[in-house]
Structures are given as C-alpha cells and as structure tokens.
Amino acid sequence: MADVSIDSTAAAGTHSGHRNCVFVSQSIGYFFYFDSTSTFVYSKTTNGGSSWGAPVTIATAVTHLAFAVWFDKWTPGDSGTLIHTWFFNTTDDDVFWRSLDTSTDTLGTRQTVFNGASATVTSATPFVSGTKTTSGYLYCAYDIDAGAEKGFHRSLDGGATWSANLATTFIEATLDMAMLFPAMGTGDGNDCWCLYNDVSANAITLKLWDSSAGSGVESATIATYIENATNATTRWGFNGSIRNSDGHLIMACVNDRDTATSDHVVYDITDTSTFSALTSITTDIDDHYYPNVFINQYNNDIYIVYNGKRDGSEVLDTTTKVYYTKSTDGGVNWSAGDTVYMEDAAAAVVQVYVPLTGDRLYAGWRIGTTLLGGYTNSLTFSGGPPPSSTYTDTLPFLGAG
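Calculation criteria
- Residues numbered from 1 in each chain as written.
- Predicted model: local features only at pLDDT ≥ 70, side-chain atom pairs only at ≥ 80, totals over all residues.
- Heavy atoms only, no water.
- Helix = DSSP H or I, 4+ residues; strand = E, 2+ residues; numbered from the N terminus.
- Rg over C-alpha atoms; globule rule 2.2 N^0.38 Å.
- Buried < 20%, exposed > 50% of the residue type's maximum accessible area, 1.4 Å probe, protein only.
- Contact = heavy atoms within 4.5 Å.
- Lys, Arg positive; Asp, Glu negative; His and termini not counted.
- Charge placed at Lys NZ, Arg CZ, Asp CG, Glu CD.
- Pairing = 2+ DSSP bridges.
- Core = buried A, V, L, I, M, F, W, Y, C linked by side-chain atoms within 4.5 Å.
- Axes fitted to C-alpha atoms, helices over the stretch in contact; angles between N-to-C directions.
- Salt bridge = Lys/Arg side-chain N within 4 Å of Asp/Glu carboxyl O.
- Polar contact = N/O pair within 3.5 Å; in protein donor to acceptor, adjacent residues only side chain to side chain.
- Disulfide = S-S within 2.5 Å.
- Phe/Tyr/Trp six-rings, centres within 6.5 Å; stacked < 30°, edge-to-face > 60°.

1. Let's talk about the overall build of the chain
Along the backbone of the chain there are zero helices and 32 strands. The globule rule puts the C-alpha radius of gyration for 401 residues at 21 Å, and the 19 Å found for the chain is close to it. In terms of its C-alpha atoms, the chain occupies a principal-axis envelope of roughly 50 × 45 × 45 Å. Taking all 401 residues of the chain together, 59% fall into the buried category. Partitioning the intrachain contacts of the chain with sequence separation of at least 6 by distance along the chain shows that 55% fall at a separation of at least 24. In the chain, the 18 positive side-chain charges and the 41 negative ones have mean positions that sit 5 Å from each other.

2. Brief notes about the pairing of strand β22 (residues 264–271)
For β22, the buried fraction is high: six of the eight residues fall into the buried class. One ladder, built from four bridges, connects β22 with strand β23 (residues 274–277); its direction is antiparallel. Following the sheet pairing, Ile269 is matched in β23 by Phe275. The hairpin turn running from β22 into β23, its antiparallel successor, is two residues long.

3. Looking at the side chain of Ser43
Tracing the backbone through its elements, the reader meets Ser43 in strand β5 (residues 40–45). Setting aside residues up to four positions removed in sequence, Ser43 forms contacts with Ile6, Gly29, Tyr30, Phe31, Tyr33, Trp52, Gly53, Ala54 and Pro55.

4. A look at the environment of Gly247
Within the fold, Gly247 resides in the loop between β20 (238–243) and β21 (248–254). When the C-alpha atoms of Gly247 and Ser200 are compared, they prove to be 29 Å apart, with 47 residues separating the residues in sequence.

5. Digging into the nonpolar core
With 103 residues, the main nonpolar core has Phe32 and Leu195 as its most contacted residues. Ranked by residues supplied to this core, first place goes to strand β7 (residues 64–71) with seven residues. With sequence-adjacent residues up to four places away left out, Phe32 is seen in contact with Asn20, Val22, Phe40, Val41, Tyr42, Ile58, Phe67, Val69, Ile83, Thr85 and Leu100. Counting residues in hydrophobic clusters, the runner-up holds 12 residues, among them Ala252, Leu278, Ile304 and Trp334.

6. Regarding the sheet that holds β21
Backbone-to-backbone hydrogen bonds join strands into a sheet, with any given pair of strands oriented parallel or antiparallel. Read across the sheet, four strands follow the order β20-β21-β22-β23 without closing on themselves; strand pairing throughout is antiparallel. Edge positions in the sheet fall to β20 and β23, since each of these pairs with one other strand and no more. Looking at each pair of strands side by side, their axes are set apart by 20 degrees on average, direction ignored.

7. So, the side chain of Arg310
Mapped onto the fold, Arg310 is located in the loop between β25 (301–307) and β26 (322–327). Of the side chains with opposite charge, Asp338 comes closest to the buried, unpaired Arg310, at an N-O distance of 4.5 Å. A distance of 3.1 Å separates polar atoms of two side chains, one belonging to Arg310 and the other to Thr325. A polar atom in the side chain of Arg310 sits 2.5 Å from the backbone oxygen of Gly337. Setting aside chain neighbours within four positions, we find Arg310 in contact with Ile281, Thr282, Ile285, His288, Thr325, Trp334, Ser335, Ala336, Gly337 and Asp338.

8. A look at the pattern of salt bridges
Taken as a whole and judged by the stated rule, the model has eight salt bridges. One salt bridge connects Asp246 with Arg243, and the closest N-O pair in it is separated by 2.9 Å. Arg243 gets classed as buried once you look at its relative accessible area, which sits at 8%. Because the salt bridges share partners, they merge into one network encompassing Asp72, Asp78 and Lys132.

9. Some points on the state of the cysteines
With the rule as written, the count across this model stands at zero disulfides. Cys192 forms no disulfide, and the closest cysteine sulfur to it belongs to Cys194, at a distance of 6.9 Å. Its relative accessible area of 0% is what places Cys192 among the buried residues.

10. Considerations on the sheet that holds strand β13 (residues 138–143)
Reading across the sheet, the three strands line up as β12-β13-β14 and stay open at both edges, with antiparallel pairing between neighbours. Edge positions in the sheet fall to β12 (127–132) and β14 (150–155), since each of these pairs with one other strand and no more. Looking at each pair of strands side by side, their axes are set apart by 10 degrees on average, direction ignored. Examined bridge by bridge, β12 and β13 share six bridges and lie antiparallel to one another. Looking at β13, one finds that Val128 is bridged to Tyr142.

11. Quick word on the environment of Thr168
Residue position: Thr168 is located in the loop between β14 and β15 (177–182). Of the residues examined, Thr168 reaches a relative accessible area of 58% and is grouped as exposed. In sequence terms Thr168 and Glu149 are 19 residues apart; their C-alpha atoms lie 9.5 Å from each other.

12. Some details on the packing of aromatic side chains
Following the criterion strictly, the structure yields 31 aromatic pairs and no others. Relative to Tyr362, the ring of Phe23 has its centre 5.2 Å away and its plane inclined at 35 degrees; by these criteria the two rings are tilted. Of this pair, Phe23 sits in strand β3 (residues 21–23) while Tyr362 is found in the loop between β29 (360–361) and β30 (364–367), placing the two residues 339 residues apart along the sequence. Overall, the relative accessible area of 2% leaves Phe23 in the buried class. Under the relative-accessibility criterion, Tyr362 is labelled buried at 0%. Look at Trp70 and Phe181: their rings are 6.2 Å apart centre to centre, the planes differ by 90 degrees, and that puts the pair in the edge-to-face class. Residue Trp70 is found in strand β7, and its partner Phe181 is found in strand β15; the two are separated by 111 residues along the sequence. The two residues Trp70 and Phe181 agree in class, both being buried. Grouped by ring-pair contacts, the aromatic residues Tyr30, Phe32, Phe34, Phe40, Tyr42, Phe67, Phe87 and Phe96 constitute a single cluster.

Below you can see the structure in the form of structure tokens.
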C-alpha cells in the first residue's frame with residue numbers, strides 16, 4: 001500500500017510548525033498545516049490515517065509564517081478534548097490562539113496573544129510554541145520578527161485572555177527557538193518547561209518558568225546543538241515528549257545537520273539540574289535528521305522517528321525515507337538498524353511530524369508541496385490506564401499564581 005496524501009498542494013516555503021499531528025484515538029486524527037495559499041488549516045481522518053478529509057480553515061491570511069499545536073491529553077493527567085493552536089502571519093502581525101474541540105469538531109473564538117507591529121519571512125527566525133500545564137494554564141512563546149518582537153505569555157482562563165509579556169528575556173536572541181511543555185515534579189502545576197535552543201551557545205538547555213516567583217531558571221547545557229538557519233527545511237532538529245509515569249521529559253536531538261560529525265543523542269530530563277544521557281541513536285553520521293519522540297504511555301516504550309538511515313547511506317534532501325527505532329528499557333538499548341515507516345520510494349523528505357503520544361503512532365512528512373502520511377506501518381496501542389492519566393503534578397485549578 002502506498003503512502004497517503006494528506007494534501008498535495010501544501011505550502012512548501014513557509015516556516016510551518018511543530019507538533020502538527022494529533023491522534024485522539026486509534027481511528028481519529030488531525031493534521032495541521034498551511035495550504036497553497038498560506039491559509040492555516042487542518043485535515044481529519046476517521047480511519048486511522050488511511051485517508052484524510054478536505055482541509056478545514058482555522059485562519060486565513062496572505063502569508064502565515066508559523067504555528068504550533070498542543071492537545072489536552074498530551075498534558076499528564078488531563079482528560080480534555082481541546083487541541084490548542086497558536087499562529088501568526090504577515091497580514092495581522094499578531095500572535096493568535098484558537099482551540100478545536102475534538103468532541104464536536106468545533107473551532108473556538110480566535111483570541112489575540114500578542115498585538116504586534118510586524119512579522120518577517122527573511123530567515124528561519126519566526127517561530128511560536130505553546131503548551132498547557134497540569135493546572136490548566138496555557139503558555140505561549142514566540143519570535144515573529146527577527147528578535148524585534150519576541151515574548152512569553154500566559155492565559156489563566158483557558159485562552160480567553162492573555163497576560164502581558166512575562167519576561168522580555170525569556171527568548172533571548174534572534175534565531176533562538178523554544179519548545180514548551182508543562183513542568184513536572186515542581187510541586188506547582190502552574191509552571192512551564194521549555195526546551196531552549198540557545199544559538200549563541202550552540203546548546204539545548206531546559207528553562208523552567210516558576211509561575212509563583214514570576215521568574216525563570218535555566219539549566220546548564222544538556223546537549224550541543226548547531227542551528228542551521230535555512231528557511232523551512234532545517235528547523236526543529238530536536239524534539240521531546242513527557243513520560244507520564246514519572247513526569248520525565250525525553251528529548252532527542254541531532255546536534256548538527258548533514259555533517260560527518262553529527263550525533264543523534266537522547267536525554268532523560270528530570271528538571272533543570274538533573275538530566276542524563278541515554279544511548280545515542282547515531283554517532284558521527286550525516287544524512288540523518290528530523291528526530292521525533294513518541295512515548296507509548298501504556299508501557300513506557302520510546303519510539304524515535306527520523307529521516308534518513310542511521311548509517312548515513314541515503315542523501316538528505318534528495319533520497320531519504322522515514323524510519324523509526326524503539327527502546328523498551330528507557331533508552332538503554334535501541335532496536336537494531338532502521339525500521340521502515342515510509343512505504344514509497346526514497347525522496348527529498350523534509351519536516352517529519354509525529355504525535356507526542358496517544359493510541360496511534362502516525363508519521364507525516366513533506367516532499368515538495370505534497371504532505372504525506374504513512375498508514376500501513378503506523379502502530380496502535382491499548383491496555384492499562386488511558387494515556388495521560390498516570391501522573392499528576394498537582395490538583396488542577398485555575399487561579400492566580
């Protein structure tokens with residue numbers, strides 16, 4: 001069976017986003033992307049991704065630059081049904097939030113996170129990221145204009161209103177990128193974690209936003225990481241997912257793009273002072289990129305999905321396929337070789353997308369303007385307690401903090 005087209009005319013030259021794919025059950029999934037007119041849309045599947053419906057508009061604009069999504073159930077202990085989206089464009093020059101209720105496929109009212117003045121497409125700089133904490137707070141970090149307009153905001157009321165910029169230096173400099181997660185194990189469910197790409201230091205660190213203190217704490221360097229600033233094709237060489245059983249953040253990172261000294265490293269992160277290297281996926285291998293972390297919360301198996309064979313024998317941006325490897329012992333050992341995910345022939349694959357967790361591991365990727373997904377080799381999971389229900393940091397509440 002061939003791979004499935006999600007959209008054959010998706011925009012290829014935009015910054016796009018991360019966390020594009022959400023599966024709310026084994027059968028029902030959503031894929032978020034920009035179409036050929038740079039409209040922000042999603043497509044839905046009801047058959048596990050063997051086919052996808054027509055795009056549904058979330059927001060129209062002349063040029064959307066970046067977006068991010070977060071599903072309620074990706075937050076440990078959360079049983080909600082909302083997919084939260086954050087996005088911005090060059091027409092409004094604002095950062096917006098809008099929810100999609102997967103129980104009814106109803107889009108919520110668009111709200112403004114940040115009222116900006118300009119947005120740029122001149123480099124790989126523009127990004128946005130968002131998450132939901134265990135208490136229900138929403139956070140958003142962004143850089144929409146090459147460092148001129150960057151910030152970090154919070155909503156205490158489910159996205160209806162957003163704070164002023166919490167910290168003008170949370171996003172430190174141009175090209176830096178942030179990937180947000182709920183902070184776990186802090187004793188305060190209002191806090192936020194951030195995998196932070198510090199370009200000037202060639203490093204990935206973990207930042208903690210302490211909601212009660214109104215301040216941030218940053219770890220030492222967790223992994224070296226050299227940012228490649230090519231628009232649309234080289235972003236997000238790192239990724240992560242939270243393991244619900246202990247609240248740890250599992251991060252995968254290919255620390256340089258397409259160089260003979262690139263390493264694909266994996267880390268188990270407990271907090272800003274405690275993190276440990278797991279067994280690397282590759283060492284000194286090029287033509288291998290786009291790591292994505294998926295955790296089977298029923299048994300804690302870790303899957304790393306990536307583009308390009310682990311031996312570097314394919315050619316990145318020209319002749320690669322999508323593969324995965326699996327660990328059943330917390331990253332001490334990984335399945336040998338490359339388990340093939342992509343059905344079609346090798347091609348110029350970019351921007352691999354995988355859910356963080358859920359009942360189906362489904363990968364999507366882009367070849368030119370075609371957005372594809374792989375149904376045949378997708379995996380389903382069940383058994384035990386439902387995903388996202390085994391770990392809670394604190395009792396949920398909505399209030400000041």
